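# A look at the structure
The primary structure of each chain is shown beneath.
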Amino acid sequence: MFRLPPYASPIERAWRAAFIVICGLVLLFLIAPILVIMPLSFNSEPYFTYPMPGLSMKWYADFFQDPRWLNALKASVFIGLASTTLSMILGTLAALGLSRANFPYRALVMAFLISPMIVPVVITAVGMYFFFANLGLNNTYSGIILAHTALATPFVVITVTATLTGFDQSLIRAGASLGASPMTVFRKVTFPLILPGMISGALFAFVTSFDEVVVVLFIASPDQRTLPKQMFSGIREQISPTITAAATMLVIAAAVMLVTVELLRRRSERLRGISS
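Scoring rules and cut-offs
Residues take numbers from 1 onward in each chain, read along the sequence in its written order. With the structure being a predicted model, the display of local features is reserved for residues of pLDDT at least 70 and the display and counting of side-chain atom pairs for 80 or more, all residues being used for whole-chain, interface and lining totals. In computing side-chain properties, one takes all heavy atoms of the structure into account and sets aside hydrogens as well as water. What counts as a helix is a DSSP run of H or I of at least four residues, what counts as a strand is a run of E of at least two, and both are numbered from the N terminus. Categorising residues by exposure relies on relative accessible area from a 1.4 Å probe, with only protein chains included: less than 20% of the type maximum marks a residue as buried, more than 50% marks it as exposed, and the intermediate range marks it as partly exposed. Any pair of residues with heavy atoms lying within 4.5 Å of one another is described as a contacting pair. Helix axes are fitted only over the stretch in contact, all axes being lines through C-alpha atoms; the angle between N-to-C directions runs from 0 to 180 degrees. Angles are sorted into four bins: roughly parallel if under 35 degrees, roughly antiparallel if over 145, roughly perpendicular if 65 to 115, and oblique for all others. Left-handed is the label given to a crossing in which the near helix is rotated counterclockwise from the far helix by less than a right angle, and right-handed is the label when the rotation is clockwise. Each residue is assigned to one of three groups, with Ala, Val, Leu, Ile, Met, Phe, Trp, Tyr, Cys and Pro labelled nonpolar, Asp, Glu, Lys and Arg labelled charged, and all others, Gly among them, labelled polar. Each Phe, Tyr or Trp ring (for Trp, its six-membered ring) is paired with any other whose centre lies within 6.5 Å, and the angle between the two planes then decides the class: stacked below 30 degrees, edge-to-face above 60, tilted in between. Throughout, nonpolar core names a set of buried Ala, Val, Leu, Ile, Met, Phe, Trp, Tyr and Cys residues whose side chains join them through atoms within 4.5 Å. Patches here: salt-bridge-free residues with over 30% relative accessible area, like charges joined within 9 Å, nonpolar side chains (Val, Leu, Ile, Met, Phe, Trp, Tyr) joined within 5 Å. All accessibility values rest on the Shrake-Rupley procedure with a 1.4 Å probe; residue burial counts only the protein chains present in the view. A pair is scored as a salt bridge if a Lys or Arg side-chain nitrogen falls within 4 Å of a carboxyl oxygen belonging to Asp or Glu. For a helix, the expected span equals 1.5 Å multiplied by the number of residues minus one. Bend angle per residue: angle between axes fitted to the 7 residues ending at that residue and the 7 residues starting there.

## Remarks on the overall build of the protein
Scanning the protein from N- to C-terminus turns up 12 helices and 0 strands. Counted from the first residue to the last, the protein has its helices and strands arranged as α-α-α-α-α-α-α-α-α-α-α-α. Split into buried and exposed, the 276 residues of the protein put 34% on the buried side. A sequence separation of at least 24 residues applies to 66% of the contacts in the protein between residues at least 6 apart.

Here is the structure:
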């Protein structure tokens, strides 16, 4: 939060206090649904009441004991890791190419690469459904992985491109002038400097794949259930407090990843000599 100078007027001090209050209210408005869901996951009764009659961990136990939830969790982790790996490779290569000064039509290519973030996901899902139908990829894990890769790659492109913004290209020329091959220069110079951006992009890509449900509803078969699809089906078919336990764990995992991304951002700035 910004600090006022000692000579600030009473009006400026009042505006600063009002600004802090407004920001706090906006933050509370955004996180209120999360704050409501998390206590309900410890409710001892199978219905939503307040105040809660008691506390219990049985909904978390039900999550880890029910084969439907466990299989959905395993499928989400498998699809998330596979799509993250592919998107990290493709996104990093794209960002390295876009970072070159003589790259033609850079803005147009960048707009095309990040278009999955702009186009409504329903439209993307419908397009992928008809496209994958001609290739025989509907109702397969390969189709889901490829679809999630297309959705997650823009996050890797953006984070790695941001890391390369302050990258000193003279380091590459210096390595080449010393006789190092392009692969050696990349492995010993470029890769360590862009690694924080790659990891940040990978975390965003994994979260994108792990939380995605619309594309899965179009492409996956009835037997292929990811965790978000299982939660969606549970809300439609049978409302169970186990959903609140699953949602709480997803929120905690997302919070941990966001903290990790922030730590990696600061590390990347230190490596590039940028003071926070």
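Read on for the rest.
## Focus: the packing of helix α3 (residues 67-98) against helix α9 (residues 182-211)
For the pair α3 and α9, interaxial distance at closest approach is 8 Å and the crossing angle is 140°. On the basis of the axis angle, α3 is oblique to α9. As α3 packs across α9, the resulting crossing turns out to be right-handed. Between α3 and α9, the contacting residues are L73, S76, V77, I79, G80, L81, S83, T84, S87, M88, T92 and L96 on the first element and F186, T190, I194, M198, A202, A205, F206, S209 and F210 on the second. Looking at side-chain class alone, the contact of α3 with α9 contains 13 nonpolar, 8 polar and no charged residues.

## Quick look at the packing of aromatic side chains
Counting across every chain of the model gives 9 aromatic pairs. Taken together, a centroid distance of 5.2 Å and an interplanar angle of 35° make the contact between F42 and Y60 tilted. Taken together, the residues span a long stretch of sequence, with F42 in the loop between α1 (10-40) and α2 (58-65) and Y60 in helix α2 at a distance of 18 residues. A residue is classified by how much of its surface remains accessible, and Y60, at 9% relative accessible area, is buried. With a centroid separation of 6.3 Å and 20° between ring planes, the pair formed by F155 and F204 is classed as stacked.

## Observations regarding the nonpolar core
Generally speaking, nonpolar side chains in soluble globular proteins are found buried as a group. Formed by 15 residues in total, the largest nonpolar core has its most connected members in W69, L227 and M231. Mapped onto this core, the elements with two or more residues apiece are α3, α9, α11 (227-237) and α12 (242-271). Considering every element that reaches this core, the biggest residue donor is α12, with 7 residues. When near neighbours in sequence (up to four residues on either side) are disregarded, W69 contacts F63, L227, Q230, M231, T242, I243 and A246. Core analysis: the next-biggest nonpolar cluster, separate from the first, contains 13 residues, A125, A147, L151 and V215 among them.

## A word on a nonpolar patch on the surface
A contiguous nonpolar patch, built from W15, V21, I22, L25, V26, L27, L28, F29, L30, I31, I34 and L35 and spanning about 1200 Å² of accessible area, is present on the exposed surface. The exposed category is assigned to W15, whose relative accessible area is 52%.

## Things to note about the environment of M128
Looking at the secondary structure, you find M128 in helix α6 (residues 121-135). Under the relative-accessibility criterion, M128 is labelled buried at 12%. Sequence spacing of M128 and A147 is 19 residues, and the spatial spacing of their C-alpha atoms is 7.1 Å. Excluding residues within four positions of it along the chain, M128 makes contact with A133, N138, A147, A150, V215 and I219.

## Some points on unusual backbone geometry
Its identity as a non-glycine residue notwithstanding, Y105 has a phi of 55°, on the positive side. The exposed category is assigned to Y105, whose relative accessible area is 66%.

## Re helix α7 (residues 141-165)
An α-helix turns once every 3.6 residues. As a result, residues three or four positions apart point the same way. Compared with an ideal rise of 1.5 Å per residue, which puts 25 residues at 36 Å, α7 spans 36 Å between its outermost C-alpha atoms and is within 8% of the ideal. The largest bend in α7 comes to about 35°, at L151, with the proline P154 one to four residues further on.

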